[in-house]
Amino acid sequence: SQQGEEDPQALSIQEGENATMNCSYKTSINNLQWYRQNSGRGLVHLILIRSNEREKHSGRLRVTLDTSKKSSSLLITASRAADTASYFCATPNNAGNMLTFGGGTRLMVKP
Amino acid sequence: DTGVSQNPRHKITKRGQNVTFRCDPISEHNRLYWYRQTLGQGPEFLTYFQNEAQLEKSRLLSDRFSAERPKGSFSTLEIQRTEQGDSAMYLCASSREGGYGYTFGSGTRLTVV
């Protein structure tokens, strides 16, 4: 079973628009991570937010974490066609030795 | 640092054959993970090594699957008597102990015909 579930499953926007993806998880965590996957490729680590953080920025990425609601969001501002990819949230187990991934949001940015 | 390397990139095999995949992690990373990903789904955990010790195995890893990491360097994942349901992308990742982000390889896409 998967710990995190992303919403929406698919998202199509125009270049320049913002894209927001949400992730919900079930058990308590000490961090939550977001990854990107281009079609047919491996995953790339984007950003990690710790359980004591509420918001984190990296370039055009903004991640929020609400531990009371067990949810996180990833915002990509001023999207580009190159942002077209699948985005996954992932949470570690208590031992910190295994990440569990959600089903992903497939983002398409139209030029 | 050349990243995580996986070979082969693609493998087509007949049902019932054995296949072996290789993963070369980042040399400074002592943790290595194998995941399986089917189309439209997120990666599913298969197994985890810390150095040469295999410390976690998913129940997805049936007795037809075996993984090794001799000398704590590269790792191999072998699937015996392949079935059509084994068709998937097999992803390898590595990380430092206490390092939270994983570095993934590009994966090996297995097609069982």
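Keep in mind that what you see is a predicted model, and the values were worked out from it rather than measured. (Residues numbered from 1 in each chain as written. Chains lettered and ligands numbered in written order. Predicted model: local features only at pLDDT ≥ 70, side-chain atom pairs only at ≥ 80, totals over all residues. Heavy atoms only, no water.)

## Digging into the overall build of chain A
Tallying secondary structure elements over chain A gives 0 helices and 11 strands in all. Starting at the N terminus and ending at the C terminus, chain A contains elements arranged as β-β-β-β-β-β-β-β-β-β-β. Computed over its C-alpha atoms, the radius of gyration of chain A comes to 13 Å, within 12% of the 13 Å expected for a compact globule of 111 residues. Seen through its principal axes, chain A has C-alpha atoms that stretch 40 × 30 × 20 Å. Across chain A, the fraction of contacts at a sequence separation of at least 24, relative to all contacts at a separation of at least 6, is 54%. Of the accessible surface of chain A, which amounts to about 5,300 Å², a share of 46% is contributed by carbon and sulfur atoms. Charge separation in chain A, taken as the distance between the mean sites of 13 positive and 9 negative side-chain charges, equals 4 Å. (Helix = DSSP H or I, 4+ residues; strand = E, 2+ residues; numbered from the N terminus. Rg over C-alpha atoms; globule rule 2.2 N^0.38 Å. Contact = heavy atoms within 4.5 Å. Areas by Shrake-Rupley, 256 points an atom, 1.4 Å probe, with all protein chains shown as cover. Lys, Arg positive; Asp, Glu negative; His and termini not counted. Charge placed at Lys NZ, Arg CZ, Asp CG, Glu CD.)

## Re the pattern of salt bridges
Pairing between side chains becomes possible if they bear opposite charge and their charged atoms approach one another. All names here are of chain B. Under the counting rule described, the total for this entry stands at 5 salt bridges over all chains. One salt bridge in this structure joins Glu-83 and Arg-64, with 3.4 Å as the shortest N-O distance. Taken together, the residues Glu-83 in the loop between β8 (75-79) and β9 (88-95) and Arg-64 in the loop between β6 (53-57) and β7 (65-68) connect sequence positions 19 residues apart. Note that Asp-86 and Arg-64 form a salt bridge whose closest N and O atoms lie 2.8 Å from each other. Placement of the pair is Asp-86 in the loop between β8 and β9 and Arg-64 in the loop between β6 and β7, with a sequence separation of 22 residues. Exposure class is identical for Asp-86 and Arg-64. Each is buried. (Salt bridge = Lys/Arg side-chain N within 4 Å of Asp/Glu carboxyl O. Buried < 20%, exposed > 50% of the residue type's maximum accessible area, 1.4 Å probe, protein only.)

## Let's talk about the sheet that holds β8(B)
Residue and element names in this part refer to chain B. Taken together, the 4 strands give an open sheet; going across it, the order is β1-β3-β8-β7, and neighbouring strands pair in antiparallel fashion. In the strand order of this sheet, the two ends are held by β1 (5-7) and β7, each with one partner. Averaged over all adjacent pairs, the angle separating strand axes in this sheet is 15°, with direction ignored. In terms of strand pairing, β7 meets β8 through 4 bridges, oriented antiparallel. Counterpart to Ser-66 in the pairing with β8 is Glu-78. (Pairing = 2+ DSSP bridges. Axes fitted to C-alpha atoms, helices over the stretch in contact; angles between N-to-C directions.)

## With respect to the interface of chain A and chain B
By a widely used convention, the size of an interface equals the accessible area lost when the partners come together. If you look at the interface, chain A gives 22 residues, while chain B gives 21 residues. Along the contact surface separating chain A from chain B lie 0 salt bridges. The interface formed by chain A and chain B holds 5 residue pairs in polar contact (both at pLDDT 80 or more) in total. For the side of chain A that touches chain B, a count of residues per class yields 7 nonpolar, 12 polar and 3 charged. (Polar contact = N/O pair within 3.5 Å; in protein donor to acceptor, adjacent residues only side chain to side chain. Nonpolar A, V, L, I, M, F, W, Y, C, P; charged D, E, K, R; others polar.)

## Structural notes on the nonpolar core
All names here are of chain A. The biggest cluster of nonpolar side chains holds 21 residues, and the ones touching the most others in it are Met-21, Leu-32, Trp-34, Leu-74, Ile-76, Tyr-87 and Leu-107. Among the elements of the structure, β3 (19-24), β4 (31-37), β5 (43-50), β7 (61-66), β8 (71-76), β9 (85-92) and β11 (105-110) are those that each provide at least two residues to this core. Among all residues touching Ile-76, those that are not within four sequence positions of it are Glu-17, Asn-18, Ala-19, Met-21, Arg-60, Leu-61, Asp-83, Tyr-87 and Leu-107. (Core = buried A, V, L, I, M, F, W, Y, C linked by side-chain atoms within 4.5 Å.)

## Section: the state of the cysteines
Cysteine pairs can be covalently joined through their sulfur atoms, and such a bond is termed a disulfide. All told, the structure shown has 2 disulfides over all chains when counted by the stated rule. At a sulfur-sulfur separation of 2.0 Å, the disulfide partner of A:Cys23 is A:Cys89. One quick way to see it: the torsion about the S-S bond of A:Cys23 and A:Cys89 is about 70°, and its sign makes the bridge right-handed. Here the residue A:Cys23 occupies a position in strand β3, and A:Cys89 occupies one in strand β9, the gap between them amounting to 66 residues. Each member of the pair, A:Cys23 as well as A:Cys89, carries the same accessibility label: buried. Here B:Cys23 is linked by a disulfide to B:Cys92, with a sulfur-sulfur distance of 1.9 Å. (Disulfide = S-S within 2.5 Å.)

## Some points on the environment of B:Leu77
If you trace the backbone, B:Leu77 turns up in strand β8. Linking B:Leu77 and B:Tyr90, residues 13 residues apart in sequence, is a C-alpha distance of 9.1 Å.

## Observations regarding the sheet that holds strand β1 (residues 5-7) of chain A
Residue and element names in this part refer to chain A. Pairing in this open sheet of 5 strands is antiparallel, and the strands run β1-β3-β8-β7-β6 from one edge to the other. Both edges of this open sheet fall to β1 and β6 (55-58), since each of them pairs with a single strand only. When the angles between neighbouring strand axes are averaged without regard to direction, this sheet yields 20°. Note that β3 and β8 share 6 bridges and pair antiparallel. Counted as the bridge partner of Asn-22 is Ser-73 from β8.

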